[in-house]
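Working through the structure, step by step
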Amino acid sequence: MLLRKQPQPEKDFYSPVVHETISNSIPKGWGYLTILAPRNLLYMRSHFLFGSRCWMTRFSPEILFRSVSCRFFGVKSDNEDSEPLKKRLLNNLLTMGVDVDMAKKRQPGVFNRTGISEQDLKMFLLSKGASQEVIASIISRYPRALTRSTENLSKRWDLWRTIMTSDLEIIDILERSPESFFRSNNNVSLENNIKFLYSVGLTRKCLCRLLNSAPRTFSNSLNLNKQMVEFLQEVCLSLGHNQPIDFVRKVIFKNPFILIQSTKRIKANIRFLQSTFNLNNEEMLALICGPGAEILDLSNDCAKRNYTNIKEKLCSLGCTEQEVQKFVLSYLDVLFLGEKKFNDKIDCLIEEKISISQIIENPRILDSSISTLKSRIKELVDAGYNLSISNISLLSWSQKRYKAKLKMLNMR
């Protein structure tokens, strides 16, 4: 009888020795290691806290130990790439005369961006007539200008030239307010706003004033500008005026900042002016198209608070409410003066023996600072000028005109 040979148990390849050899070959800290081998895949996991454990498919020794080509990849960090570029940028800016400390303080994020070409900006502005000093000043105060491409700048410049008569006029605005040109890179919005403002009757002169004084108008969405223009036209018609385009043009020319305000604020101020001074429609129209236009974008709470203070202060000095209203209407800019500033100026003038009636008749003297008022009063008194009985309007004259008058007084 033939005895059948019992099959020997297959040797388990996963022996402690192999386990130790493989696990020791896995760098600690690697959670997973995948090795590609011909026709098969070996997958292992190494646990760095609790030792090594492996799960693998069964392979023949020939396949498992067949040499596998490995390639190690090095990854270079962004910081390593960007540091030399940042250093070069800063060195170039310093060479150009830019105040780098000021620029970093104003817009630090600009210097973390890539794709900045200070030379392109420099060459573009030089080609338009800007001096090296002006370019350095622009970048120092508004470094975001460095992020604009030459193509974007050229298109924007061409759009501005549809309003301004020369490149030098634009350079002048950029020198005073670089933000006005470089703040936005949305040339489509700029072009649409220019077309719209021309379409509602604004002249080139008016748009030029807007660019000089309130360039943010052109960064508005087209819908915002449309809403304000339509609102002003409605105001015009509600006051009985049948020329809304003419009305809008006058208001915007008088107050170029009105297009960057909310219709809610303008409506509240119109209501305040009309109710406080008991104005009829005709008087209200004249006020809004004239000196009242500048008050329309003042905070309504601020306007009310300042008017209440003016009334209380002047009434305490013997004025009637009607006199106060006449005084404010004759010079609405007084509503911009806060409580302390207004009171201090009135007290300063009263201390110098100037009567309240003189102040009411010459409200523009409140434009001058307290230090200017005091120094001029002293100079005039020393020159023999009697302020209590003479015209006090020279307290608010320009420096040139005032000095000429003072010279004449001293020559007597």
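The name an unreviewed UniProt entry gives the protein chain is Mitochondrial transcription termination factor 1, with Cnephaeus nilssonii as the organism. The record held by UniProt for the protein chain lists under Subunit (unreviewed entry) the comment "Monomer." Entered under Sequence similarities (unreviewed entry) in the UniProt record, the comment concerning the protein chain runs "Belongs to the mTERF family."

Across its full length, the protein chain holds 21 helices and 3 strands. Taken across its 412 residues, the protein chain has 40% of its residues classed as buried. For the protein chain, the share of sequence-separated contacts (at least 6 apart) that also reach a separation of at least 24 residues comes to 66%.

One way to put it is that helix α20 (residues 370–382) packs onto helix α21 (residues 399–410) with a least axis distance of 10 Å and a crossing angle of 20 degrees. As the angle between them shows, α20 and α21 are arranged roughly parallel. Of the two possible hands of crossing, α20 and α21 adopt the one that is left-handed. Counted together, Arg376, Glu379 and Leu380 of α20 and Gln399, Tyr402, Lys403, Leu406 and Leu409 of α21 form the full contact between these two elements. When grouped by side-chain class, the residues that make up the contact of α20 with α21 number 4 nonpolar, 1 polar and 3 charged.

Here the focus is the packing of aromatic side chains. Following the criterion strictly, the structure yields 6 aromatic pairs and no others. Judged by centre distance (5.0 Å) and plane angle (80 degrees), the rings of phenylalanine 181 and phenylalanine 182 are edge-to-face. In terms of burial, phenylalanine 181 and phenylalanine 182 fall into one category: buried. Ring-pair connections join several aromatic residues into one group, and the members of that group are Phe124, Trp157, Trp160, Phe181 and Phe182. Here the basic side chain of arginine 376 rests over the ring of tyrosine 402, its NZ or CZ set 4.1 Å away from the ring centre.

Attention shifts here to the pattern of salt bridges. Following the criterion strictly, the structure yields 11 salt bridges and no others. For arginine 161, the salt bridge identified is with aspartate 167, shortest N-O distance 3.0 Å. Arginine 161 sits in the partly exposed class, given a relative accessible area of 32%. Residue aspartate 167 is classed as partly exposed on the basis of its relative accessible area of 22%. Each member of the salt-bridge network shares a partner with another, and the members are Lys155, Glu191 and Lys195.

Our next topic: the environment of asparagine 309. Relative to the elements of secondary structure, asparagine 309 occurs in helix α16 (residues 300–316). Overall, asparagine 309 belongs to the buried group, its relative accessible area being 8%. For the pair formed by asparagine 309 and lysine 340, sequence separation is 31 residues and the distance between their alpha carbons is 9.4 Å. Residues within four places of asparagine 309 in sequence aside, it is in contact with Glu339, Phe342 and Asn343.

A few words on the environment of proline 215. Along the chain, the position of proline 215 falls in the loop between α11 (204–213) and α12 (222–238). The spatial distance from the C-alpha of proline 215 to the C-alpha of isoleucine 173 is 9.8 Å, given a sequence separation of 42 residues. Ignoring sequence-local partners within four residues, the contact set of proline 215 consists of Ser180 and Leu210.

Here helix α6 (residues 132–141) crosses helix α8 (residues 167–176) at 45 degrees, and the two axes come no closer than 9 Å. With respect to α8, the element α6 is oriented oblique. Note on packing geometry: the crossing formed by α6 with α8 is left-handed. For the pair α6 and α8, contact is made by Val134, Ile138 and Arg141 and by Ile171, Leu174, Glu175 and Arg176, respectively.

What follows concerns the nonpolar core. Leu125, Phe182 and Val328 are the most contacted members of the largest nonpolar core, which totals 108 residues. The leading source of residues in this core is α12, at 6 residues. Once you skip the residues sitting within four places of it in the chain, leucine 125 turns out to touch Ala130, Ile135, Ile138, Trp157, Leu174 and Phe182.

Residues of the protein chain with pLDDT of at least 70 account for 79%, and the chain-wide mean is 81. Mean pLDDT values for the elements of the protein chain range from 40 in strand β1 (residues 32–37) up to 95 in α16. Ignoring residues within four places in sequence, the model shows residues 1–7, a span with pLDDT below 50, making 0 contacts including any to other chains. Here residues 67–80 is a poorly scored stretch, pLDDT under 50, and it has 4 contacts once near neighbours within four places are set aside; other chains count.

A separate point is unusual backbone geometry. Most peptide bonds are trans, and most residues other than glycine sit at a negative phi. One non-glycine residue, asparagine 278, lies in the positive phi region at around 50 degrees. Tracing the chain through its elements places asparagine 278 in the loop between α14 (263–276) and α15 (281–289). Accessibility expressed as a relative area gives 61% for asparagine 278, which makes it exposed. Positive phi, normally seen in glycine, also occurs at lysine 353, with a value near 70 degrees. Within the element layout of this structure, lysine 353 appears in the loop between α18 (339–351) and α19 (356–361). You can call lysine 353 exposed: its relative accessible area is 66%.

Conventions and cut-offs
Residues numbered from 1 in each chain as written. Predicted model: local features only at pLDDT ≥ 70, side-chain atom pairs only at ≥ 80, totals over all residues. Heavy atoms only, no water. UniProt positions renumbered as here; feature names shortened; annotations may be inferred. Helix = DSSP H or I, 4+ residues; strand = E, 2+ residues; numbered from the N terminus. Buried < 20%, exposed > 50% of the residue type's maximum accessible area, 1.4 Å probe, protein only. Contact = heavy atoms within 4.5 Å. Axes fitted to C-alpha atoms, helices over the stretch in contact; angles between N-to-C directions. Parallel < 35°, antiparallel > 145°, perpendicular 65-115°, else oblique. Left-handed = near helix turned anticlockwise from the far one by under 90°. Nonpolar A, V, L, I, M, F, W, Y, C, P; charged D, E, K, R; others polar. Phe/Tyr/Trp six-rings, centres within 6.5 Å; stacked < 30°, edge-to-face > 60°. Lys NZ or Arg CZ within 6 Å of the ring centre and 35° of its normal. Salt bridge = Lys/Arg side-chain N within 4 Å of Asp/Glu carboxyl O. Core = buried A, V, L, I, M, F, W, Y, C linked by side-chain atoms within 4.5 Å. pLDDT = per-residue confidence, 0-100.

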